[in-house]
Amino acid sequence: MNDSLPVIRINQSGYAASLPVQVAVLSSEHVVVSDPHGNTVKTVETGNLPVDEASEDKVKVLNLGILPKGEYYIWSGGESRRIIVRDDPWQKVTNALIKGLYFQRCGCGLEEKHAGIYKHPACHTAPAHIWENKDNAKTVTGGWHDAGDYGKYTGPGAVTVAHMLYAYLLCGKGCSDELNIPESGNGVPDILNEARFELEWLLKMQREDGAFYHKLTKDHFAPFIMPQDDLDPEYLIPVSHCATAAACACLALSSRVYGDIDKEFSGRMLSASLKAYEWLEKNPDFIPFVNPEGVRTGMYGDKSVTDELFWASCELYASTGDGRFKESAEKYYSDDMNLSSYGWADVSGLGAVCCLFEIGEKGGDLLYRKLKDRFIETCKKISEISGKSGYGTALPANAYIWGSILLIMSNAMSLIMYELLTGDTSLRPAALLQWNYALGLNALDLSFITGFGERRVMNIHHRPSGSDGIKDPVPGLISGGPNKYMNFPQTKEKLADIPAAKSFLDELPSADTNEIAIYWNSPAIFVGAFFSSLCK
Ligand SMILES: [Zn+2]
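Here we summarise the structure given alongside this text. Within each chain, residues carry numbers counting from 1 in the order of the written sequence. Where totals are concerned, whole chains, interfaces and linings use all residues; where local detail is concerned, this predicted model gives features only for residues with pLDDT of at least 70, and gives and counts side-chain atom pairs only at 80 or more. Where side-chain values are given, they derive from all heavy atoms of the structure, hydrogens and water being excluded.

1. Observations concerning the coordination of the zinc ion
For a metal with four donors in a tetrahedral arrangement, the ideal angle between donors is 109.5 degrees, while six donors in an octahedron ideally sit at 90 or 180 degrees.
Phase 1 of the analysis: Around the zinc ion, the protein contributes the donor atoms Cys106 (SG), Cys123 (SG), His124 (ND1) and His145 (NE2), at 2.0 to 2.4 Å from the metal centre.
Phase 2 of the analysis: Note: metal donors comprise N, O and S atoms at 2.8 Å or less from the metal (3.2 Å for Na, K and Ca); water molecules are not included, so apparent gaps in a site are possible. Metal sites are grouped by the angles between bound donors: all angles between 85 and 135 degrees with four donors is tetrahedral, opposite donors over 155 degrees apart with the others between 65 and 115 is square planar for four donors and octahedral for six, and any other pattern is irregular. In this structure, the zinc ion is surrounded by four donor atoms whose angles at the metal cover 101 to 115 degrees, and the resulting shape is tetrahedral.
Phase 3 of the analysis: Ordering the donors of the zinc ion by residue number gives the pattern C-x16-C-H-x20-H. With Cys123 in the loop between α2 (112–115) and β9 (128–130) and His145 in the loop between β10 (133–138) and β11 (152–153), this residue pair connects regions lying 22 residues apart in the sequence. This pair shows no difference in class: Cys123 is buried, exactly as His145 is. A run of H or I in DSSP becomes a helix once it reaches four residues, and a run of E becomes a strand once it reaches two; helices and strands are each numbered from the N terminus. Only protein chains enter the calculation, and the probe is 1.4 Å; a residue is then buried if its accessible area is under 20% of its type maximum, exposed if over 50%, and partly exposed in between.

If you want it as structure tokens, here you go:
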């Protein structure tokens, strides 16, 4: 399996001069690090190679220690791999991941001066029809295309913005201001400029009574055409509890972050959040969202709204200080919540982040002390999972699902937050291995971020990349990665009996392994921003 791949796996975008160089080796011969003139810099013994459960490779992670900036060759088993060590290697990647969202902008043209060869005219500018009453239309332009399709979904958009805002709050030094987006240079950090583009749209997704429409899509997925050519009508698909609670949480958080930047905008967001909360109180019976008959776009169904209500209550308490929100956060909290879950389906971790970093001691015994202990316990378990993996990947072999990159990046976020919370840097190497995973240190020897790495994904399931006639995909987008529970028959056929961590096709039709999504970019932004912040 993959015998032709190199025996040394590296972060293909380079390494930092201030952090240890981690590589994975599939050869039991010792590793030699040499300079470009062939002089040996150091030798590291490899020892026995255990079998990695997720990939079935015999492989081991080696820590080559700190290397001063420069060019090196890593030798083992008669092969070598070139690496570059720089002072600040990952700001470019992090910037590209943020700008990846700019490339998803809808309702406006992408101009050449910002988008280069990926420019295109405005898309999806017509008013949207209300699904239940199709004669009624509303202008809801803006927002980001969600993923490989052109839909715009409230819950996924809300968590994406939240990841970005927490990246700004907790790792701000790693969020550079050189994105070259239309708002660049306006005095506001570009990560907040980009997030605002989604927030302005999110505000339009609220119905008069406070509820939020679940999504704004057509009734079917577009074929692989450019967004400006996708002219079939769009619909505001009925409101849902989960969309309303996720938007409520995100807007409460955003109202704090933009408070000093734009008071009017911040106030609008807090009012919208409170109105959403009011609707949720008046409509306490949870109804899971299902696609109305005739709608075949992404469902983003959810079995529970308790985690969204927990997150919303936490953010509203942090924003208003009103004790009733603390009470409801305590009511919705439970000990079996996964505090490392930051994705669109389970947002418990976002509530936890709010408690740990924004509410702090004011959370008291339950929302601070107990939650903090549980969070720390969760992080230690994640680090153990990474320790057991031959590639250091913080994901058990049975957890490679559609969008496994979300789980890996989420676990990296938790490991990073452990450090930010405790000051203990002992889990940092495990966190760094996840960043290295995204950029090539993995069983596929593949960088999952478009535009970065000598061997990188090229055929992502992404309509603009698949229809613009340009060889290279839109840069700065992260692929969902291996999925052992392949959903498409053609993927299943090609990947039968392939180990979990290799269940991946760099092929355009394989949405189940190679789609991109805004809410996979955003946890990677958090991780990239943290490691970039360490390089300043
Ligand atoms: Zn569009």
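More follows now that the structure is in view.
2. Thoughts on the sheet that holds strand β12 (residues 213–217)
Phase 1 of the analysis: What makes two strands pair is DSSP finding at least two bridges between them. Strands sit in the order β10-β9-β13-β12-β11 across an open sheet of five strands; the sheet is mixed. Of all strands in the sheet, those with a lone pairing partner are β10 and β11, marking the two edges.
Phase 2 of the analysis: Where β9 meets β10, three bridges bridge the pair, whose relative direction is antiparallel. Opposite His129, over in β10, you have Ala137 as the bridge partner.

3. Section: helix α11 (residues 404–422)
Phase 1 of the analysis: By this rule the span expected of a helix is its residue count minus one, scaled by 1.5 Å. Helix length check: α11 (19 residues) gives 27 Å between terminal C-alpha atoms against 27 Å at 1.5 Å per residue, within 8%.
Phase 2 of the analysis: In terms of burial, α11 is a largely internal element, 16 of the 19 residues being buried.
Phase 3 of the analysis: Positive phi shows up at Gly423, right after α11, with a value of about 80 degrees.

4. What about the pattern of salt bridges?
Phase 1 of the analysis: The salt bridge definition used is simple: a Lys or Arg side-chain nitrogen within 4 Å of an Asp or Glu carboxyl oxygen. Inspection of every chain in the model, using the stated rule, returns 31 salt bridges.
Phase 2 of the analysis: A salt bridge links Arg268 to Glu200; the shortest N-O distance between them is 3.4 Å. With Arg268 in helix α6 (residues 263–282) and Glu200 in helix α4 (residues 190–204), the pair connects residues that are 68 residues apart, well separated along the chain.
Phase 3 of the analysis: Measuring nitrogen to oxygen at the nearest pair gives 3.7 Å for the salt bridge that ties Lys282 to Glu278.

5. A short note on unusual backbone geometry
Phase 1 of the analysis: We note that Glu56 has phi near 65 degrees; this positive angle belongs to a residue other than glycine.
Phase 2 of the analysis: Within the secondary structure, Glu56 sits in the loop between β5 (40–44) and β6 (60–63).
Phase 3 of the analysis: Owing to a relative accessible area of 56%, Glu56 belongs among the exposed residues under this scheme.
Phase 4 of the analysis: Residues other than glycine seldom take positive phi values, yet Asp445 does so here, at roughly 55 degrees.

6. A closer look at the side chain of Asp302
Phase 1 of the analysis: Examined against the element boundaries, Asp302 turns out to sit in the loop between α6 and α7 (306–320).
Phase 2 of the analysis: No salt bridge forms around the buried Asp302; measuring N to O, its nearest opposite-charge neighbour Lys303 is 6.5 Å away.
Phase 3 of the analysis: Whenever two N or O atoms come within 3.5 Å, that pair is a polar contact, provided that in protein one can donate a hydrogen and the other can accept it, and provided that, for residues adjacent in sequence, both atoms are side-chain atoms. A distance of 3.2 Å separates a polar atom in the side chain of Asp302 from the backbone nitrogen of Ser304.
Phase 4 of the analysis: In this view, Asp302 contacts Cys242, Phe286, Pro288, Glu308, Trp344 and Ala345; residues no more than four positions away in its chain are not counted. None of His or the chain ends enter the tally, which takes Lys and Arg as positive and Asp and Glu as negative. Pairs of residues are marked as contacts when any of their non-hydrogen atoms sit within 4.5 Å.

7. Quick notes on the packing of aromatic side chains
Phase 1 of the analysis: Any two of the Phe, Tyr and Trp rings considered here, Trp counted by its six-membered ring, make a pair once their centres fall within 6.5 Å; the pair's planes then place it as stacked at under 30 degrees, edge-to-face at over 60, or tilted in between. According to the stated counting rule, one finds 16 aromatic pairs in the structure shown.
Phase 2 of the analysis: Ring geometry for Tyr300 against Tyr519: centres 5.9 Å apart, planes inclined by 85 degrees, an arrangement best described as edge-to-face. In this pair, Tyr300 sits in the loop between α6 and α7 while Tyr519 sits in helix α16 (residues 518–533), placing the two residues 219 residues apart along the sequence. In this pair, the class of Tyr300 matches that of Tyr519, namely buried.
Phase 3 of the analysis: Here the aromatic cluster, defined as three or more aromatic residues joined through ring pairs, consists of Tyr153, Tyr300, Trp344, Tyr519 and Trp520.
Phase 4 of the analysis: Only Lys NZ and Arg CZ are tested; either one counts as a charge over a ring when it is within 6 Å of the ring centre and within 35 degrees of the ring normal. One cation-aromatic arrangement involves Arg196 over Phe265; the distance from NZ or CZ to the ring centre is 3.7 Å.
Phase 5 of the analysis: Across the ring face of Tyr317, the terminal group of Lys362 is positioned such that the distance to the ring centre comes to 6.0 Å.

8. Concerning the pairing of β12
Phase 1 of the analysis: Counting buried residues along β12, five of its five residues qualify, which places the element largely inside the surrounding structure.
Phase 2 of the analysis: The pairing of β11 with β12 spans two bridges and is antiparallel. In the sheet register, Tyr153 faces β12, and the bridge partner there is Lys215.
Phase 3 of the analysis: The sheet contact formed by β12 and strand β13 (residues 235–239) spans four bridges and is antiparallel. If you follow Tyr213 over to β13, its bridge partner there is Val239.

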